[in-house]
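# Structural overview
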Amino acid sequence: MRNRPQLILGQTLAFDADPFRADPLEAATWRRRGGVVVGRDGDGPGDGAARILAVGEADALRRTWHDARVHDYGDALISAGFVDAHAHYPQTAIIASWGKQLIDWLNTYTFPEEMRFGNRAFAEATAERYLDLILSNGTTCAVSFCTIHPQSVEAIFSAAQARGMRLVAGKTCMDRNAPEGLRDTAKSAYDDSAALLRKWHGRGRLSYAITPRFSPTSTPEQLEALGALWAQHPDCLMQTHLGEQLPEIAWVRELFPDARDYLETYERFGLLGPGALFGHAIHLAARERARLKEADAALIHCPTSNTFIGSGLFDMAGLTAEGQRIGLATDTGGGSSFSMLRTMAAAYEIGQLRGHALHPAQLWWLATAGSARALRMADRIGNLATGLEADLVIIDLASTPAIAQRLARARTPWEALFATIMMGDDRAVRSVWVNGREYAQGIGRASSSTQ
Ligand code: GUN
Ligand code: ZN
């Protein structure tokens, strides 16, 4: 039995190509009066996901889908929901902590906060708050680190499941250079990760990522154990950090004196391959770049974090020209915002500091289809296309007086959208659709719903 489909009307933005490979102006279809039909057709692959049944011109869709329930958002923009490819939900409450660079920041703010996640109720409350914050910012899928505590993983998966969200998460593993109470062992990291993976991976819209925090906090034995686990479950993602700050890289060199570079500390333990997500990837040697490309791993750009923690300027132009697989992320709470709009703005600013202006189509693609591609989920999320899952964000292109007066001068849709990219925040998120349902809580104004 098919549920009644829903016809969502507004402007629509759908990508036809990667705007780093095609001309950005040719890479997307923008409809001034378009629509998206979403629903469950009952004979999908059985993962419980609602899908996009059609995308097109509003008038044609109204004729074809005359029995659909209509939600008309006027001239607001309908896009695929944002995909945040690297975040730490346990750092929600310490976002915007002052004055430290990476290693001091971890020791001063992050580790004491992560210690609290041994308490299940605390983990659950933070997970709920984090997901509501990102949804109110238009993010419908995130990839999150947890803490070393298995209950921190249970908390975020349970909260995502209750919201019908697609979410990737994993137990953060650390067996050295972390305080007492925040260390596991090679064996317990393997056992706990394996048990969580078996319980959650592929359950509904959830998937597990094997998660060594970074090589300074894992012994070679732990990296080896996690490499073995990944070899047993190659359809899982593997997430970690790489080349974020120069003192971090010097520390890796001390800890692994016989490794040629940082990447090799993962590579030698089987932690490099398709499905590997490397957060930051700013300071890379030529060999690392070549191996990342060869292995078809993904590099996750975290621009608000890189400026906030003082890490450096990601080489977007060079890395995209090489054909690297790149995603975009907030890196909450090293990153200073939950908003992928703010994150796109920071990516633009970092590009400018490196002498390269990213086109708005490239920024929007990175926050949606590009991140989905980095997660190897481009066939499921990140775009408006028939058959993809029904996760949408509805953007008010005139959400503040400052943006509205800039919009009045915009000559093209991209110019209009760029004002919201640079100046927008959660006030621009008029609504979010998760798994085919409008997620109303705390977001914008209601749509004008007819029929
Ligand atoms: N490197 C290792 N752990 C972290 C973390 O929590 N945040 C950031 N930004 N970098 C890291
Ligand atoms: Zn991180």
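Thresholds, definitions, all that
Per chain, the residues get numbers from 1 upward, laid out in the order the sequence is written. Starting at A for chains and at 1 for ligands, labels are handed out in the order in which the entities are written. A pLDDT threshold of at least 70 governs which residues receive local features in this predicted model, and a stricter bar of 80 or more applies before side-chain atom pairs are shown or counted, although totals over entire chains, interfaces and linings include all residues. Only heavy atoms go into the side-chain values, all of them from the structure, while hydrogens and water stay out. A run of H or I in DSSP becomes a helix once it reaches four residues, and a run of E becomes a strand once it reaches two; helices and strands are each numbered from the N terminus. Remark: exposure states derive from per-residue accessible area (1.4 Å probe, protein chains only) relative to the maximum for the residue type, with buried under 20%, exposed over 50%, and partly exposed in between. Only heavy atoms enter the contact rule, under which two residues are in contact if any of them lie within 4.5 Å. Using the Shrake-Rupley algorithm and a 1.4 Å probe, accessible areas are obtained, with residue cover drawn only from the displayed protein chains. In this tally, Lys and Arg are treated as positive and Asp and Glu as negative; His is ignored, and so are the chain termini. Every charge is mapped onto a representative atom, which is NZ of Lys, CZ of Arg, CG of Asp or CD of Glu. To form a nonpolar core, buried Ala, Val, Leu, Ile, Met, Phe, Trp, Tyr and Cys residues must be joined to one another through side-chain atoms within 4.5 Å. Cavities and pockets are defined on a 1 Å grid built over the protein atoms alone: a cavity is a set of grid points where a 1.4 Å probe fits but cannot escape, while a pocket is an open set with protein on both sides within 12 Å along at least five of seven lines, and lining residues are those with an atom within 4 Å of any such point. Grid points are joined across faces, edges and corners, and a volume is the space filled by probe spheres set on the points. The nonpolar class holds Ala, Val, Leu, Ile, Met, Phe, Trp, Tyr, Cys and Pro. Asp, Glu, Lys and Arg form the charged class, and all remaining residues, Gly among them, are polar. A score between 0 and 100, pLDDT records how confident the predictor is in each residue. For two strands to be treated as a pair, DSSP must find at least two bridges joining them. Shown as donors are all N, O and S atoms within 2.8 Å of a metal ion, widened to 3.2 Å for Na, K and Ca; because water is not in the atom set, sites may appear incomplete. Irregular is the label for any site that misses the other tests, which are tetrahedral for four donors with all angles between 85 and 135 degrees, and square planar for four donors or octahedral for six when opposite donors exceed 155 degrees and the remaining angles lie between 65 and 115. As used in this structure description, the phrase polar contact means that two N or O atoms lie within 3.5 Å; if the pair is within protein, one of them must be able to donate a hydrogen and the other to accept it, and residues adjacent in sequence are counted only when both atoms belong to side chains. A side-chain nitrogen of Lys or Arg and a carboxyl oxygen of Asp or Glu constitute a salt bridge if their distance falls within 4 Å.

Of the regular secondary structure elements, the protein holds 15 helices and 17 strands. Based on the C-alpha atoms only, the size of the protein along its principal axes is roughly 65 × 50 × 40 Å. The 451 residues of the protein split such that 62% are buried. At a minimum sequence separation of 6, the contacts of the protein that also span at least 24 residues come to 76%. Of the accessible surface of the protein, which amounts to about 16300 Å², a share of 50% is contributed by carbon and sulfur atoms. The centroid of the 46 positive side-chain charges in the protein is displaced by 4 Å from the centroid of its 50 negative side-chain charges.

Okay, the nonpolar core next. In this structure, F278 and W364 are the most contacted members of the largest nonpolar core, which totals 103 residues. Within the second largest apolar cluster, 17 residues are counted, among which are V143, A209, I300 and C302.

Quantified by volume, the largest pocket comes out at close to 260 Å³. Lining the largest pocket we find 19 residues, and of these H201, S207, D235, M377 and R380 sit closest to its centre. Where the lining of the largest pocket is concerned, the elements lending two or more residues are β7 (166-170) and β9 (206-212). When residues in the lining of the largest pocket are grouped by element, the largest group, 3 residues, is from β9. When its residues are assigned to classes, the lining of the largest pocket shows 9 nonpolar, 5 polar and 5 charged. Of the pockets and cavities examined, the second largest pocket occupies roughly 200 Å³. Across the lining of the second largest pocket, the residue classes break down as 7 nonpolar, 2 polar and 4 charged.

Here we come to the confidence of the model for the protein. Averaged over the protein, the pLDDT score is 95; the fraction of residues at 70 or greater is 95%. Confidence over residues 444-451 falls short of pLDDT 50; this stretch has 21 contacts with residues more than four positions distant or in other chains.

Burial runs high along strand β5 (residues 82-88): 7 of the 7 residues are buried. With 5 bridges connecting them, β5 and strand β6 (residues 139-145) associate as parallel partners. Bridged to A87 within β6 is S144.

By the criterion of burial, helix α15 (residues 413-423) is predominantly enclosed, with 8 of the 11 residues buried. Considered for burial, the residues of α15 that qualify are P413, W414, E415, A416, L417, A419, T420 and I421.

This part covers the coordination of the zinc ion (ligand 2). All of the protein donors around the zinc ion (ligand 2) are H86 (NE2), H88 (NE2), H241 (NE2) and D331 (OD); their distances to the metal are 2.0 to 2.7 Å. Note that the zinc ion (ligand 2) binds 4 donor atoms; their angles at the metal cover 89 to 160°, and the shape is irregular. Sequence spacing of the donors to the zinc ion (ligand 2): H-x1-H-x152-H-x89-D. Placement of H88 in strand β5 and of H241 in strand β10 (residues 237-242) is noted, with a sequence separation of 153 residues between them. On the accessibility criterion, H241 (6% relative accessible area) is buried.

Among the structural elements, L7 can be located in strand β1 (residues 6-15). Residue L7 is classed as buried on the basis of its relative accessible area, which comes to 0%. Distance in space between the C-alpha atoms of L7 and G424 is 26 Å, their sequence separation being 417 residues. Among residues more than four places away in sequence, those in contact with L7 are V36, V37, L61, R62, A68, R69, V70 and H71.

Following the sequence through the fold, Q91 ends up in the loop between β5 and α2 (102-115). A residue is classified by how much of its surface remains accessible, and Q91, at 1% relative accessible area, is buried. Of note is the side chain of Q91, whose polar atom sits 3.3 Å from the side chain of E114. Apart from residues no more than four positions distant in its own chain, Q91 is found in contact with W105, T110, E114, R213, T332, G333 and G334.

Attention now goes to unusual backbone geometry. Following T332, the chain continues into G333 via a peptide bond in cis, with omega recorded as 0°. With respect to the helices and strands, the residue G333 is situated in the loop between β13 (325-328) and α12 (340-353).

This part is about the pattern of salt bridges. Scanning the entire structure with this criterion turns up 31 salt bridges. Notably, a salt bridge pairs R213 with E114, separated by 2.9 Å at the nearest N-O pair. Separated by 99 residues along the polypeptide, R213 in the loop between β9 and α6 (220-232) and E114 in helix α2 bring together distant segments of the chain. Taken individually, R213 and E114 each receive the classification buried, so the pair is uniform in this respect. Between E154 and K199 there is a salt bridge, with its nearest N and O atoms 2.8 Å apart. In this pair, E154 is assigned in helix α4 (residues 150-163) and K199 in helix α5 (residues 186-200), connecting sequence segments 45 residues apart.

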